[in-house]
There are 2 protein chains.
Amino acid sequence: MSMHAYPAVSLPPADADYTGDAMSNAKPDPAAHGLDQSSLSHVLGYQLAQADVPVKKIFFKYIGQPLQLRPVEFTILMLIANNENVTQKQLSQALAVSAPNITILLDRLAERELVTRVRNETDRRSQHVLLTRKGATLARKAHEVSLTMEQEVLKHLSDAERGMLIELLQKVARHRRI
Amino acid sequence: MSMHAYPAVSLPPADADYTGDAMSNAKPDPAAHGLDQSSLSHVLGYQLAQADVPVKKIFFKYIGQPLQLRPVEFTILMLIANNENVTQKQLSQALAVSAPNITILLDRLAERELVTRVRNETDRRSQHVLLTRKGATLARKAHEVSLTMEQEVLKHLSDAERGMLIELLQKVARHRRI
DNA sequence: TATTGTTATACTCTATAACTATA
DNA sequence: TATAGTTATAGAGTATAACAATA
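Residues numbered from 1 in each chain as written. Chains lettered and ligands numbered in written order. Predicted model: local features only at pLDDT ≥ 70, side-chain atom pairs only at ≥ 80, totals over all residues.

### Considering the environment of isoleucine 58 of chain A
Residue and element names in this part refer to chain A.
No. 1: Relative to the helices and strands, isoleucine 58 is located in helix α1 (residues 44-67).
No. 2: Residue classification places isoleucine 58 among the buried residues on the basis of 21 C-beta atoms within 10 Å.
No. 3: C-alpha separation for the pair isoleucine 58 and glutamate 113, spaced 55 residues apart in sequence, amounts to 26 Å.
No. 4: Leave out the neighbours within four places in its chain, and isoleucine 58 touches Met149, Glu152 and Val153. (Helix = DSSP H or I, 4+ residues; strand = E, 2+ residues; numbered from the N terminus. Buried ≥ 20, exposed ≤ 12 C-beta atoms within 10 Å, placed from the backbone. Contact = placed C-beta atoms within 7 Å.)

### Some remarks on the protein's contact with DNA strand D
No. 1: In the neighbourhood of DNA strand D, 21 residues make up the surrounding shell, with Lys89, Pro100, Thr103 and Ser126 of chain A together with Arg124 of chain B lying closest.
No. 2: Put simply, the parts of the chain that give the surface near DNA strand D at least two residues each are α3 (88-95) and α4 (99-111) of chain A together with α4 (99-111) of chain B.
No. 3: Tallied by class, the residues present in the surface near DNA strand D amount to 6 nonpolar, 8 polar and 7 charged. (Near = placed C-beta within 6 Å. Nonpolar A, V, L, I, M, F, W, Y, C, P; charged D, E, K, R; others polar.)

### A word on the nonpolar core
No. 1: Judged by nonpolar contacts, the single largest core of 90 residues is most densely connected at Leu77 of chain A together with Leu77 of chain B.
No. 2: The contact partners of leucine 77 of chain B, leaving out residues within four places of it in the chain, are Leu114, Gly135, Leu138, Ala139 and Ala142 of chain B. (Core = buried A, V, L, I, M, F, W, Y, C linked by C-beta atoms within 7 Å.)

### Some details on the sheet that holds strand β3 (residues 127-131) of chain B
Residues and elements named next belong to chain B.
No. 1: Judged by pairing direction, the sheet is antiparallel, and its 3 strands sit side by side in the order β1-β3-β2 without closing on themselves. Of all the strands in the sheet, the pair left with one neighbour each is β1 (86-87) and β2 (115-119).
No. 2: Running at roughly 100° to β3, helix α2 (residues 71-82) makes contact with β1, β2 and β3 of the sheet. (Pairing = 2+ DSSP bridges. Axes fitted to C-alpha atoms, helices over the stretch in contact; angles between N-to-C directions.)

### Notes on the packing of helix α1 (residues 44-67) of chain B against helix α5 (residues 133-153) of chain B
Residue and element names in this part refer to chain B.
No. 1: Viewed as axis vectors pointing N to C, α1 and α5 meet at an angle of 150°, and their least axial separation amounts to 10 Å. With respect to α5, the axis of α1 lies roughly antiparallel. Of the two possible hands of crossing, α1 and α5 adopt the one that is right-handed. Taken together, the residues of α5 that come into contact with α1 (itself represented by Val55, Ile58, Phe59, Tyr62, Ile63 and Leu67) are Leu138, Lys141, Ala142, Val145, Ser146, Thr148, Met149, Glu152 and Val153.
No. 2: When the residues that make up the contact of α1 with α5 are grouped by side-chain class, the tally is 11 nonpolar, 2 polar and 2 charged. (Parallel < 35°, antiparallel > 145°, perpendicular 65-115°, else oblique. Left-handed = near helix turned anticlockwise from the far one by under 90°.)

### Considering unusual backbone geometry
Most peptide bonds adopt trans geometry, and most residues besides glycine take a negative phi value.
Residue and element names in this part refer to chain B.
No. 1: The backbone of alanine 96 sits at a positive phi, close to 55°, despite the residue not being glycine.
No. 2: Note on placement: alanine 96 falls in the loop between α3 (88-95) and α4.
No. 3: A positive phi angle is found at glutamate 113, which is not glycine, with a value near 60°.
No. 4: The residue glutamate 113 is located in the loop between α4 and β2 in this model.
No. 5: Here glutamate 113 falls in the exposed class, since 11 other C-beta atoms lie within 10 Å of it.

### Section: the UniProt feature "domain: HTH marR-type" (unreviewed entry) in chain A
No. 1: Feature annotation in UniProt assigns "domain: HTH marR-type" (unreviewed entry) to the following positions: residues 41-174 of chain A.
No. 2: Between the end C-alpha atoms of residues 41-174 of chain A the distance is 22 Å, and the span holds 69% helix and 9% strand. (UniProt positions renumbered as here; feature names shortened; annotations may be inferred.)

### Some points on α3 of chain B
Residue and element names in this part refer to chain B.
No. 1: Looking at α3, one finds that the buried residues are Gln90, Leu91, Ala94 and Leu95. Angularly, the buried residues of α3 cover 110° about the axis, an arc narrow enough to put them on a single face.
No. 2: Contact partners of the buried residues in α3: α2, β1, α4 and β3.
No. 3: Of the residues flanking the end of α3, it is alanine 96, one or two places downstream, whose phi is positive at about 55°. (Arc of directions from axis to C-beta.)

Spelled out as structure tokens, the structure:
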């Protein structure tokens, strides 16, 4: 009656019969705050959420605070910067953010004069979203900072581990294609 | 000032700088929805959000809907089930959820008669959170289902890859200080 | 004075429906 | 009739401050 479908590697904390006392572990997870998390160690969603805590904190330190950008806003700027004539519909689909939410997000960015909307003349229902000069400058800065930020996020991982982590996450994300 | 999660985004191309590894033969995906997302491929928070999309979807199918538990509620039940005399403060820290939010979450679980609070007699400021009989039954069921759920979440990964992914996420989570 | 937990408040994200303007 | 985008609204999540009880 094994709890884990996959083989234990070096770090995972406990096995199926582990019932008590998280502190008896040689390397207790600091994130656990002394709690036994063995019944959650196989739950990917839990591990994603735990990993997201320091990642968000570091994002806020490097980009959120200094550049006044939330993650979704940062992502939108990156996508607009790298895609000519992107429409709101495309952003909505690519970001899996509802159309009303995209409207509100772009309203806010437009109010800060970071983006503008230009009506698509070949199909006047849609609009192209563009960076202003100010927006392009901020996007460039944000991308630059993101490179430094990732060094802190992943500083305890080797280059091979970083690549492996990204690749495995993308493999999981591939489910979304369904 | 609240930070909202990275948006759910479709797959970006694989990291071009990653020199590869025998463990995975993943190849770059065609840009989703015709958008170039390469400027985000190195951003871990973005990759976490992507992976979280199918993970959440499958969670709701297996646990969220059938057992009427949101992810944070599921997690709380698991932690209470495996930790005697856990306090709200411990839950708050372990889950990185604010104290007021823990209060509200436990209020809701208590209203469903899944948990009870018992004043700690040695330090009457704190309370121990316990599962009721009904809560223990639900927690057992939820844990059982979570094992099946993970098989679907990770069905595209080999056993070695699953272990590696969990291990790497825990390594990132270890950044947490507090 | 500090800590545990609660209450109150405000702001954000999300989901949905209804609306417009175009096609 | 279908699509792109907007507006309106309600629900849920979370952050913060102020507060109570206890240490």
